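# Analysis of the macromolecular model
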Amino acid sequence: MGKIITWLSLTVGMAFLSANGLTLADTPQQPVNSKVGQENVAQQPVNPDAGRVNVPLRPVNLDESQVNLNALGFDEQLWGSPGQPGDRRALLASIDNSLRYLASAKAVEAYRKYPVQGITRDRVRRSLVRFRQLILKSRSPAELQAAVKREFAVYKSVGRDEQGTVLFTGYYEPIYTASRTPSAEYRYPLYRLPTNFERWKTPHPTRTELEGEDGLGTTSQLRGGELVWLRDRLEAFLVQVQGSARLQLPNGKQMTVGFAGKTDYPYVSIGRELVKDGKLPLEGLTLQVLVDYFHANPAELSQYLPRNQSFVFFKETYGAPASGSIGVPVTAERSIATDKSLMPPGALALINAPIPYPNATGQLETRLVNRYVLDQDTGSAIRGAGRVDIFMGTGPKAGDRAGAINGTGELYYLLLKS
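As the structure is a computational prediction, the values presented were derived from the model and not from experiment. For every chain, the first residue of the written sequence is number 1, and numbering continues from 1 onward in sequence order. Selection of residues for local features in this predicted model requires a pLDDT of at least 70, selection of side-chain atom pairs for listing and counting requires 80 or more, and totals for whole chains, interfaces and linings are taken over all residues. Only hydrogens and water are set aside when side-chain values are computed; all heavy atoms of the structure are taken into account.

Among the nonpolar cores identified, the biggest contains 97 residues, and F131 and Y372 are the most heavily contacted of them. Runs of E in the DSSP output that reach at least two residues are strands. Runs of H or I that reach at least four are helices, and both are numbered from the N terminus. Take this core: its biggest share by element is seven residues, from strand β11 (residues 348–358). Any two residues having at least one pair of non-hydrogen atoms within 4.5 Å are treated as being in contact. Setting aside residues up to four positions removed in sequence, F131 forms contacts with L91, I95, L144, V148, F152, L348 and Y372. Buried Ala, Val, Leu, Ile, Met, Phe, Trp, Tyr and Cys residues form a nonpolar core when they are joined through side-chain atoms within 4.5 Å. Burial here depends on accessible area, computed with a 1.4 Å probe over protein chains only, as a share of the maximum for the residue type. Under 20% is buried, over 50% is exposed, and the range in between is partly exposed. Counting residues in hydrophobic clusters, the runner-up holds seven residues, among them Y191, L210, F311 and F313.

The next subject is the pairing of strand β9 (residues 312–316). Counting buried residues in β9 gives four out of five residues, a clear majority hidden from the surface. The pairing of strand β8 (residues 254–262) with β9 spans five bridges and is antiparallel. Within β9, the position partnered with G261 by the bridge is F313. In this scheme, strands are said to pair when DSSP sees at least two bridges between them.

Looking now at the sheet that holds β8. In spatial order, the strands read β5-β6-β4-β7-β8-β9; together these six strands make up an open sheet with mixed pairing. Looking along the sheet, the strands with just one partner apiece sit at the ends: β5 (188–191) and β9. Strand after strand, the sheet turns through a mean of 45° between neighbouring axes, direction not considered. Sheet analysis places strand β4 (residues 175–179) next to strand β6 (residues 226–230), joined by two bridges and oriented antiparallel. By the bridge assignment for β6, S179 is matched with W229. This element, helix α8 (residues 233–242), spans β4, β5, β6, β7 (244–248), β8 and β9 of the sheet and lies at about 20° to β5. All axes are obtained by fitting lines to C-alpha atoms, using only the stretch in contact for helices, and the reported angles, taken between N-to-C directions, cover 0 to 180 degrees.

A word on the pattern of salt bridges. Think of a salt bridge as a Lys or Arg side-chain nitrogen and an Asp or Glu carboxyl oxygen that are within 4 Å of each other. Applying the stated criterion across every chain, the model contains 26 salt bridges. Across the pair R207 and E211 runs a salt bridge whose closest N-O atoms are separated by 3.6 Å. In this pair, R207 and E211 are both assigned in helix α7 (residues 207–211), four residues apart and thus about one turn of the helix distant. Residue class for R207 comes out buried when judged on its relative accessible area of 1%. In this structure E211 comes out as buried when scored by relative accessible area, which is 8%. For E333, the salt bridge identified is with R371, shortest N-O distance 3.0 Å. With E333 in the loop between β9 and β10 (335–337) and R371 in strand β12 (residues 364–377), this pair connects stretches of sequence that are 38 residues apart. What makes R371 buried here is its relative accessible area of 2%. If you follow the salt bridges from partner to partner, you end up with D75, D87, E333, R334, R371 and R401 in one network.

Moving on: the packing of helix α5 (residues 121–137) against helix α6 (residues 141–151). Contact geometry for α5 and α6: axes closest at 10 Å, N-to-C directions at 155°. Relative to α6, the element α5 is oriented roughly antiparallel. Relative to α6, the crossing made by α5 is right-handed. Contacts from R130, F131, L134, I135 and K137 of α5 reach α6 at E143, L144, A147, V148 and E151. Here roughly perpendicular refers to angles of 65 to 115 degrees, roughly parallel to angles under 35, roughly antiparallel to angles over 145, and oblique to all remaining angles. It is the rotation of the near helix from the far one that decides the hand of a crossing: anticlockwise by less than a right angle makes it left-handed, clockwise makes it right-handed.

Packing of helix α3 (residues 88–102) against α5 brings their axes to within 10 Å, and their N-to-C directions diverge by 160°. Regarding the angle of α3 to α5, the classification is roughly antiparallel. At the point where α3 passes α5, the crossing takes the left-handed sense. Every residue of α5 that contacts α3 at R88, L91, L92, I95, D96, S98, L99 and L102 is listed here: R121, V124, R125, L128, V129, F131, R132, I135 and L136.

This part covers empty space enclosed by the protein. Here the largest cavity is characterised by a volume of approximately 80 Å³. In terms of lining, the largest cavity is formed by Y188, P189, L190, Y191, R207, E211, G215, R233, A236, F237, Q240 and L305. Those elements giving two or more residues to the lining of the largest cavity turn out to be β5, α7 and α8. Classes in brief: Ala, Val, Leu, Ile, Met, Phe, Trp, Tyr, Cys and Pro nonpolar; Asp, Glu, Lys and Arg charged; the others, Gly included, polar. Across the lining of the largest cavity, the residue classes tally to seven nonpolar, two polar and three charged. Cavities and pockets were defined on a 1 Å grid built over protein atoms only: a cavity is a set of grid points that admits a 1.4 Å probe from which the probe cannot escape, a pocket is an open set flanked by protein on both sides within 12 Å along at least five of seven lines, and lining residues are those with an atom within 4 Å of any such point. Grid points are joined across faces, edges and corners, and a volume is the space filled by probe spheres set on the points.

What follows is the structure, given as structure tokens:
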């Protein structure tokens, strides 16, 4: 985000083994889609190009395919339920954000390079304008479904296996306490992007070289470039994973920070590293489990955090909402991050994805849901046609839900028929 909340995307779902999505392990422990088996990638080397394909989207014939047509109109969160209002306004706002992006020179350049024949910036823009009209005029899921089937063509992601299987994780914008000045309580800095960063020789310095073995950066070349200090080393690391944060300052005011740049190392999941070393089981691994482990074993932070050599720099965003890679705000449960070398930026998508909800006792339970979303973000851990990161919002509750997203589903894009 701002990333942007995820250049890294992480879901802590994915980033870890899965808030922005970091999921602790890169693949689900229990596939939500029982039709699809999952390999245990925690035991395999990571290939950053895995799942990358030449043709990421393929048109679907709705009359002959096994696509559930009800999914095209029924979005429970859009329509709401008794005692639970829908979020139509949020979806409309997210559509407007994409339309603003599509009117930019940045969008013109992005679509000039877009690889899927027939998917153009103008077609994506017209599709959003028309879908917005349908959202405003449709009085029921059935009415919207009929209009979408009549007017829109559907493109399906080939997924990670050429069969449409997509791994979903979640990401979010955390809220932590911090200070603009260092003290005995606030010791762990986030750094501004160095003014000479573009002239840095490669390979770039590692995480340990930049922040020291203890994370304090006492002898770092970045000294003097601190933006803000946190009181917990793991929290400072997680801000780098999420790509943005809201920081509660001692004077009661709030500071927001967003992604400004990163070093040239790939992201490494510390959750996966703990599993590999036998410190934690893959089954049941969530962000909270990871946090609890390091709180119980703080000395191990110096062993595991440096394994992720990628280092993120920040800028103050002065209260602006978390933004995606296309430069517009991301909307809770309506914005997704994908590989922007393969998927159409700003476009309207429909996901069939595992999303957790609190039950009557407050425990999270995951169910497959259909959700209209806008493709507005990306992340260094989000590679290939089989990966999607869902933005879940801001704060602890959003973080709990984001960290629990780690399962398979399907991804579709909706475009007006030619």
